[in-house]
Amino acid sequence: MNFAERVIEWQQAHGRHDLPWQRTRDPYRIWLSEVMLQQTQVATVTAYYERFVECFDDVQALAMAPIESVMERWAGLGYYSRARNLHRCAQQIVDHHGGDFPRSVDALARLPGIGRTTAAAIAALAFGQRAAILDGNVKRVLARHMGVEGYPGNPAVERDLWQHADALLPAVGIEAYTQGLMDLGATVCTRTHPMCDECPVNRTCIARREHAVDRLPAPRPVRSKPVRAAIVLVLRDESDAVLLEPRPPAGIWGGLLSLPEFDAEATREVVAAQTRARYGLHIAINEVLREVRHEFTHYTYLMRPYVAQVICASAVADSSLRRITEHEFQSAALPTPIRRLLMQLANSSLPLLA
Ligand code: SF4
């Protein structure tokens, strides 16, 4: 048996068959799960996926939903551009494709947020098309099995891996093969402690033969990340609700609610003056909390939280700020580090007034 036949046979006997998005050929559900799984583990995705489809049952429902409720269902999954693209993609499918997903990889890959791998996974799993995938797990399996040196994020190495992925495709059984490759990477050929003795392709694996399993695929070259710092304002009104600001639609945490940000070097007086100018609110800053560190892929974000209270609002008080009470912290569309900070504050005995 060749590589693909062994993967297919193994998938049928030992692969995963009970994930909530598996017992369907509905491209909407397959697409949704693929997008959620792009940077997130299966265990985390399962609960989000089920809540999401409960709320948005099909592509029309998602296209018609306000972006705020999409972001609310996504909050906590991270990489929020995925949710914004999901929404735009649903709208394009309804507006330009009559509500039906296109069937070809090329047409799918032209939709927002659908790259080559996601397009191929939808085409293979929903429409039975012969198309190669190359997500992080599959890169690892192929880099080891084919003995591909170099960091897979490097374009030349990635090209090499795509060539292997295309060349290994089976003539028949694309659905089980595609699922099998994903399962193999997730459960057998894992990043640490791969179970080579259980692996269906171990007899032809170059990394195993050459004792290179531990060093393939090569890790990302180390590069020091820039640091970005900002003061963030935990601003409470007279009834103790926190006032949050919607982030612009594009960029980090786009479309989510977050704490108002100020220059990292601003003094208390400057923060208070800018709050008055921006939102028409007179405030008293009561506490300066310890720095909170959050790692993004490309930089480290250091937040310096100031805890403040609204003293009074002028007639021009800004209406874009949203009041969120303590029992809404869990359900509101907040970035995870902000939700964590607010919950820690709510549970601590930090005095609100100086
Ligand atoms: S033999 Fe080991 S390293 Fe090679 S593909 Fe299988 S699990 Fe991965």
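As the structure is a prediction and not an experimental result, all values here were calculated from the model.

Parameters and conventions
- Residues numbered from 1 in each chain as written.
- Predicted model: local features only at pLDDT ≥ 70, side-chain atom pairs only at ≥ 80, totals over all residues.
- Helix = DSSP H or I, 4+ residues; strand = E, 2+ residues; numbered from the N terminus.
- Buried ≥ 20, exposed ≤ 12 C-beta atoms within 10 Å, placed from the backbone.
- Contact = placed C-beta atoms within 7 Å.
- Near = placed C-beta within 6 Å.
- Nonpolar A, V, L, I, M, F, W, Y, C, P; charged D, E, K, R; others polar.
- Domains from an automatic or database assignment.
- Axes fitted to C-alpha atoms, helices over the stretch in contact; angles between N-to-C directions.
- Left-handed = near helix turned anticlockwise from the far one by under 90°.
- pLDDT = per-residue confidence, 0-100.

Engineer: Got a minute to help me understand the overall build of the chain in this structure?
Structural biologist: Scanning the chain from terminus to terminus reveals 14 helices and 8 strands. Here the C-alpha coordinates of the chain stretch approximately 75 × 50 × 35 Å along the principal axes. Counting all 354 residues of the chain, 36% fall into the buried class. Considering only contacts in the chain between residues 6 or more positions apart, those separated by 24 or more positions represent 67%.

Engineer: I'm lost on the site of the ligand in this one. Help?
Structural biologist: Close contacts around the ligand come from 14 residues, with Cys189, Cys196, Cys199, Asn202 and Cys205 the closest. Elements supplying a minimum of two residues to the shell around the ligand: helix H9 (136-145) and helix H12 (206-209). Among the elements that make up the shell around the ligand, the one with the highest residue count is H9 (3 residues). For the shell around the ligand, the class distribution of residues is 10 nonpolar, 2 polar and 2 charged.

Engineer: Even after reading the chapter, I still don't get the domain arrangement of the chain, so can you show me in this structure?
Structural biologist: The accessible area lost on association of the parts is a frequent measure of interface size. Taken domain by domain, the chain holds domain 1 (3-215) and domain 2 (228-347). The distance between the C-alpha centroids of domain 1 and domain 2 comes to 36 Å. At the interface, 10 residues of domain 1 touch 10 residues of domain 2. For the side of domain 1 that touches domain 2, the secondary structure elements donating two or more residues are helix H5 (67-74) and helix H6 (81-97). Per-element tally for the side of domain 1 that touches domain 2: the top contributor is H5, with 4 residues. Here the side of domain 1 that touches domain 2 is built from residues that sort into 4 nonpolar, 3 polar and 3 charged.

Engineer: What is the right way to look at helix H2 (residues 27-37) in this model?
Structural biologist: Along an α-helix, a turn takes 3.6 residues, which lines up residues three or four apart on a common side. Of all 11 residues making up H2, 11 are buried, and the element is well covered by its neighbours. Among the residues of H2, those classed as buried are Pro27, Tyr28, Arg29, Ile30, Trp31, Leu32, Ser33, Glu34, Val35, Met36 and Leu37. Its buried side turned inward, H2 meets helix H3 (42-55), helix H4 (59-64), H6 and helix H8 (116-127).

Engineer: How should I be thinking about the environment of Thr117 in this particular structure?
Structural biologist: Within the secondary structure layout, Thr117 lies in helix H8. Residues Thr117 and Trp21 lie 96 residues apart in sequence; the distance between their C-alpha atoms is 17 Å. Once you skip the residues sitting within four places of it in the chain, Thr117 turns out to touch Ile133, Leu134 and Asp135.

Engineer: Is there a simple way to think about the packing of H2 against H8 in this case?
Structural biologist: In a packed pair of helices, the relevant descriptors are the angle between the two axes and the axis-to-axis distance. At their nearest, the axes of H2 and H8 sit 9 Å apart, and the two run at 145 degrees to each other. Note that H2 runs across H8; the crossing there is right-handed. Between H2, through Pro27, Ile30, Trp31, Glu34 and Val35, and H8, the contact on the second element is made entirely by Thr118, Ala121, Ile122, Leu125 and Ala126. For the contact of H2 with H8, the residue count by class is 8 nonpolar, 1 polar and 1 charged.

Engineer: Before we go on, may I ask you to explain the confidence of the model for the chain in this structure?
Structural biologist: Where the model shows low pLDDT, its predicted coordinates should not be examined in detail. The predicted model of the chain has a mean per-residue pLDDT of 92, with 97% of residues at 70 or higher. Across the chain, the secondary-structure element scoring lowest on mean pLDDT is helix H14 (residues 336-347), at 89, and the one scoring highest is H12, at 98.

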